[in-house]
Amino acid sequence: MSQTISEPTERAVQDQSNGPRMSDDQALEALRTMQLIREFESRTMQAYQRAKIGGFCHIYTGQEACAVGTIMSLEKTDPVVTAYRDHGHALARGMHPSACMAEMFGKLAGCAKGKGGSMHMFDRPNHLYGGHGIVGAQTPLGLGLAFACRYQLDVMGSGEKRVALCYLGDGALGQGAFYEALNLATLFSTPVIYVLENNGYSMGTALKRHAANADRLVDRAEAFGVRGVEMDGLDVMSLYEQFRPVVDDCRERQVPAFVDLKTYRYQGHSMSDPQKYRTKDEVEQYKEKDSIARLASQLMTPKDDGGRGILSEDDWSAMQKEIKDLVKEAMDFAEEAEAPGESELTTDVYANPQPNLSPQSVYGHGVKNPLL
Amino acid sequence: MTTAYTPELTEIKDAIHPALGKVEIPDFVSESELPSRDGDRVIQYREALREAMTEEMRRDERVFLIGEEVAEYNGAYKVSQGMLDEFGPKRIIDSPISENGFAGMCIGAAMMGLRPIVEFMSWSFSLVAADQILNNAPKMLYMSGGQWGCPIVFRGNDGAGGQLGSTHSWCVEGMFANVPGLKMVIPSNPYDAKGLLKTAIRDPDPVFFLESERMLGDKAHVPEEEYFIPFGRARVCREGDDITLISWGRPVHFCMEAAEKLAGDGIECDVLDMRSVRPLDIDSVIESVKKTNRIVVVDQSWPFGSVASEAIAQICERCFDWLDHEPVRVNTIDVPTPYAKNLEAAYLPNAERILEAVRAVVSE
């Protein structure tokens, strides 16, 4: 029953590269963002239980180091796309928590004007090309973002070498779209980095029950000539230090990569998951390796004892308090914000609305998106 | 550090879309102002398609063509013949047989501001890409609250190519036109094919462009000068007072054939080529029905939930009292597409079946 997904394997150790060390400032920023996601998700669950949030809602708690460590390795203009467990990526990419929470509350001030919901977080100014609800459907999209970066460089002379990041969960490994995308990524020499957030479960089905040869997932990428690397997704500092060189390499050579991040989610697949498929002990074991507690401890441990010695107990409490207030503000904002007017029902359907597109609806342009 | 969130929620100004910038819709002229359809510059339907793509690719480097066999093979149906030589492999791109992969890739690329033209060798093969072309392309603008659209053209052969059997003979219009957010264009002749494809490439929304293997060799005059045909404007192919016949794509020719024969019997048909089904120029249809009081709709897809059904529903909603006879539709027969030549011929709409339908309607 017990999973061993976050044990650093021989391969992970072997692939350990000497990337740039995470600076003290970066480490504090990482801690802050991870705590923001944790606090945000805890409020999200409360709001869901109070029926303020509807639909499906997938909580990111436990996986914070994955989004934070990978996105820290990017440039601001690198496009990012993810699946439906997307609140963490949105916040790590810089979306304001109020825009994220208001979206889940179905409000006009939400990132998608209340038309997307929990699974569809889009943020154009922060180059987040959406959370996507269909498992694996974002993998060809991620390829396309990278293809466009390459096309703009080669054909249109953008002069800018960019990479695209595409997240997927281990459940998406069962989708054919992903393997079509891997094949095309190599054929078209496309700088897409597939980040597998391997939390050990495809909904309620354990990795070994849904993926053949589950100990060697990187082989799947390497079969298509895509470099595959395993990393510990619970230690944000080591993750950054290994991931950053992968990004730099893909950017420089304009090639794809696949990274298998071993992580764990503390909550169920979605808010409606009774979690009969795993034991409470297993969850507790992972909580002992918690990525935020680990980072906070590393930063608080004095230099002489092998830590960074840059954070006091008081600093950490103050940071937590500040984040708590920020997320509380986001909740209040989302609560008080206006729902979209009914006229918004038929806007944003066509960029060029024309007569007779529908027997029933007259389409138009809506109000401007709050993020634009 | 997260900055203060002060949402700006103002009305979007016409023509400047926040996500897509200035939408470059060409200036359309009325049908009578378009260059003449008569002339001696006779080219094939496939060449008209090629001219449209080539002209737009010369003008806009964001436009590229991708599909199976479009480059080195010069197109499975020779639509893209010679384009690799002119534009090179970065813009005329051979894809492996991975419709879901390359269609999805192009949707991502369109979000990034490129203008992909995706060729499906057959629309039958687009079914394996259904998730991408139906679930992503037409919904992206809405789902992102207006932040990202999807300016893309999906094009390829639709309908029975000739004894290809059930799986290769799909008419996808009935099924796909159901989805809001996409536009669907089905040209019946080389002149329209060129003018509509140029418009499709300029349009900022996803356009499903349905061609026909059986028409790629059709020849007609296509003028040298540039022209654009707008979506949602039907063309009156033939005028008559007795009955309205509407269709789109290949069956327009069967309607014309039937109308010719009916004229011999003294029955004059108003024949409308709808050219696009989403938007559907229902106003022109209503205008015609108010003159003829009778309507037959010809559609080369299955009847259940078809574009023909939709057209008839709209006619009933808009001019029920003007009808002297219940509307009639001529669709393909409601069975999987057969292989045997005689069965396939019986399955498809043809002039004979249209004649029968019209005679039944006008005789009552």
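Above this note sits the structure.
Let me begin by describing the structure that accompanies this report. (Residues numbered from 1 in each chain as written. Chains lettered and ligands numbered in written order. Predicted model: local features only at pLDDT ≥ 70, side-chain atom pairs only at ≥ 80, totals over all residues. Heavy atoms only, no water.)

**A look at the overall build of chain A**
Counted only if it meets this: By the criteria applied, helices consist of DSSP H or I runs no shorter than four residues and strands consist of E runs no shorter than two, each listed in order from the N terminus. Atoms counted for the radius of gyration: C-alpha only. Globule rule: 2.2 Å times residue count to the power 0.38. When accessible area is computed with a 1.4 Å probe and restricted to protein chains, residues below 20% of their type maximum are described as buried, those above 50% as exposed, and intermediate ones as partly exposed. It only takes one pair of heavy atoms within 4.5 Å for two residues to be counted as in contact. Throughout, the Shrake-Rupley method with a 1.4 Å probe supplies accessible areas, and for residues the shown protein chains are the sole cover considered. We treat Lys and Arg as the positive residues and Asp and Glu as the negative residues; His and chain ends play no part in the count. Just so you know, the charge point we use is NZ for Lys, CZ for Arg, CG for Asp and CD for Glu.
Within chain A one finds 13 helices and eight strands. A compact globule built from 372 residues would reach a C-alpha radius of gyration of about 21 Å, and chain A, at 21 Å, matches this within 12%. Burial analysis of chain A (372 residues in total) assigns 61% to the buried set. Taking all contacts inside chain A whose residues are at least 6 apart in sequence as the whole, residues at least 24 apart take part in 73%. Approximately 13,700 Å² of chain A is accessible, and the part contributed by carbon and sulfur atoms is 48%. If you average the places of the 39 positive and of the 51 negative side-chain charges in chain A, the two averages end up 3 Å apart.

**Observations regarding the overall build of chain B**
A count of helices and strands for chain B gives twelve helices and 16 strands. Here the C-alpha radius of gyration of chain B, 21 Å, is about what a compact globule of 364 residues would show, namely 21 Å. Within the span of chain B, comprising 364 residues, buried residues form 61% of the whole. Taking the intrachain contacts of chain B between residues at least 6 apart in sequence as the baseline, contacts between residues at least 24 apart amount to 81%. A distance of 3 Å separates the average location of the 36 positive side-chain charges in chain B from that of its 58 negative side-chain charges.

**Some remarks on the pairing of strand 9 (residues 207-211) of chain B**
All names here are of chain B. As a reminder, the rule being used: DSSP bridges decide pairing: two strands pair if at least two such bridges lie between them. Call a crossover right-handed when, viewed with both strands pointing away from you, the route from the first strand across the helix to the second goes clockwise.
The buried fraction of strand 9 is high, at five of five residues. Here strand 9 shows a buried face lined by Val-207, Phe-209 and Glu-211 and a second buried face lined by Phe-208 and Leu-210. Summarising the sheet, strand 8 (residues 183-185) and strand 9 pair through three bridges and their orientation is parallel. Each bridged residue has a counterpart across the sheet, and for Val-185 the counterpart in strand 9 is Phe-209. Following the chain from strand 8 across helix 7 (residues 190-202) to the adjacent parallel strand 9, one finds a crossover that is right-handed.

**As for the interface of chain B and chain A**
The accessible area lost on association of the parts is a frequent measure of interface size. Using the following cut-off: Summed over both partners, buried area is the accessible surface (1.4 Å probe) that two parts give up on being assembled. A pair is scored as a salt bridge if a Lys or Arg side-chain nitrogen falls within 4 Å of a carboxyl oxygen belonging to Asp or Glu.
The interface of chain B with chain A comprises 71 residues on the first partner and 72 residues on the second. When chain B packs against chain A, the two sides together hide about 5,900 Å² of surface, and 62% of this comes from carbon and sulfur. Ranking the residues of chain B by area buried against chain A places Tyr5(B), Met112(B) and Tyr142(B) at the top, with a combined share of 15%. Where chain B meets chain A, there are two salt bridges. Residue Lys90(B) pairs with Asp154(A) through a salt bridge whose shortest N-O separation is 2.9 Å. Sorting the residues of the side of chain B that touches chain A by element identifies strand 4 (63-67), strand 5 (92-94), helix 3 (99-111), helix 4 (130-136), helix 5 (140-143), helix 9 (282-292) and helix 10 (307-319) of chain B as the ones contributing at least two each. Here the side of chain B that touches chain A gets ten residues from one element, more than from any other, and that element is helix 3 of chain B.

**Focus: the sheet that holds strand 12 (residues 243-247) of chain B**
All names here are of chain B. To keep things clear, this is the line we draw: In this analysis an axis means a line fitted to C-alpha atoms, helices contributing only their contacting stretch, and an angle means the value between N-to-C directions, from 0 to 180 degrees.
Taken in spatial order, the five strands of this open sheet run 11-13-12-15-16, and their pairing is mixed. Looking at strand neighbours, the two that pair on one side only are strand 11 (235-238) and strand 16 (328-330), the edges of this open sheet. Ignoring strand direction, the axes of neighbouring strands in this sheet form an average angle of 25 degrees. Relative to strand 16, strand 15 (residues 295-298) runs parallel, the two being bridged by three bridges. Its bridge partner lying in strand 16, Val-298 is registered against Val-330.

**Side note on the pairing of strand 15 of chain B**
Residue and element names in this part refer to chain B. With burial as the criterion, each face of strand 15 is covered, one bearing Ile-295 and Val-297 and the other bearing Val-296 and Val-298. Alignment of strand 12 against strand 15, held across three bridges, turns out to be parallel. Looking at strand 15, one finds that Thr-244 is bridged to Ile-295.

**Points about the sheet that holds strand 4 (residues 192-198) of chain A**
Residue and element names in this part refer to chain A. On the basis of which strands lie adjacent, the open sheet formed by six strands has the order 2-1-3-4-8-7 and parallel pairing. Unpaired on one side and paired on the other, strand 2 (128-131) and strand 7 (227-232) mark the two borders of the sheet. Taken over all neighbouring pairs, the strand axes of this sheet differ in orientation by 15 degrees on average, direction set aside. One ladder, built from six bridges, connects strand 3 (residues 164-169) with strand 4; its direction is parallel. Residue Leu-165 lies in a different strand from strand 4, and its bridge partner there is Ile-193. The strands that helix 6 (residues 138-154) touches are strand 1 (80-82), strand 2, strand 3 and strand 4; relative to strand 3, the one it contacts most, it runs at about 170 degrees.

**Concerning helix 3 of chain B**
Residues and elements named next belong to chain B. Keep this limit in mind: To estimate how far a helix should reach, multiply one less than its number of residues by 1.5 Å.
Between its terminal C-alpha atoms helix 3 stretches 18 Å, which fits the 18 Å expected from 13 residues at 1.5 Å a residue. Of all 13 residues in helix 3, 13 are buried, a share of seventy percent or more. The first or second residue beyond helix 3 is Gly-113, which carries a positive phi of 105 degrees.

**Observations regarding the pattern of salt bridges**
Residues and elements named next belong to chain A. For the structure shown, the criterion picks out 54 salt bridges over all chains. Linking Glu-335 and Arg-50 is a salt bridge whose minimum nitrogen-to-oxygen distance equals 3.3 Å. In this pair, Glu-335 is assigned in helix 13 (residues 313-336) and Arg-50 in the loop between helix 2 (24-49) and helix 3 (64-71), connecting sequence segments 285 residues apart. Relative accessible area serves as the criterion here: at 44%, Arg-50 is assigned to the partly exposed category.

**Some remarks on the packing of aromatic side chains**
All names here are of chain B. Let me state the cut-off plainly: Centres within 6.5 Å make a pair out of two Phe, Tyr or Trp rings, where for Trp the six-membered ring is used; the pair is then stacked when the planes are under 30 degrees apart, edge-to-face when over 60, and tilted otherwise.
Taken as a whole and assessed by the stated rule, the structure comprises 23 aromatic pairs over all chains. With a centroid separation of 5.3 Å and 65 degrees between ring planes, the pair formed by Phe-120 and Trp-123 is classed as edge-to-face. As far as burial versus exposure is concerned, Phe-120 and Trp-123 are alike and both buried. With centroids separated by 6.1 Å and ring planes inclined at 70 degrees, the aromatic side chains of Trp-123 and Phe-176 adopt a geometry described as edge-to-face. You can see Trp-123 sitting in the loop between strand 6 (115-122) and helix 4 and its partner Phe-176 sitting in helix 6 (residues 173-176), a full 53 residues away along the chain. Among the residues examined, Trp-123 registers a relative accessible area of 0% and is labelled buried. Taken together, the aromatic side chains of Phe-102, Phe-120, Trp-123, Phe-154, Phe-176 and Phe-208 make up a single cluster linked through ring pairs.

**Considering the packing of helix 2 of chain A against helix 5 (residues 97-104) of chain A**
All names here are of chain A. Spelled out, the test is: To sort the angles, those under 35 degrees are grouped as roughly parallel, those over 145 as roughly antiparallel, those from 65 to 115 as roughly perpendicular, and the leftovers as oblique. In this scheme the handedness of a crossing depends on how the near helix is turned from the far one: anticlockwise by less than a right angle means left-handed, clockwise means right-handed.
Between helix 2 and helix 5, the least distance of the axes is 12 Å, while the angle of their chain directions is 25 degrees. Comparing their axes, helix 5 and helix 2 come out roughly parallel. Considering the relative orientation of helix 2 and helix 5, their crossing is right-handed. Here Leu-36, Phe-40, Arg-43 and Thr-44 of helix 2 lie close against helix 5, whose contacting residues are Pro-97, Cys-100, Met-101 and Met-104.

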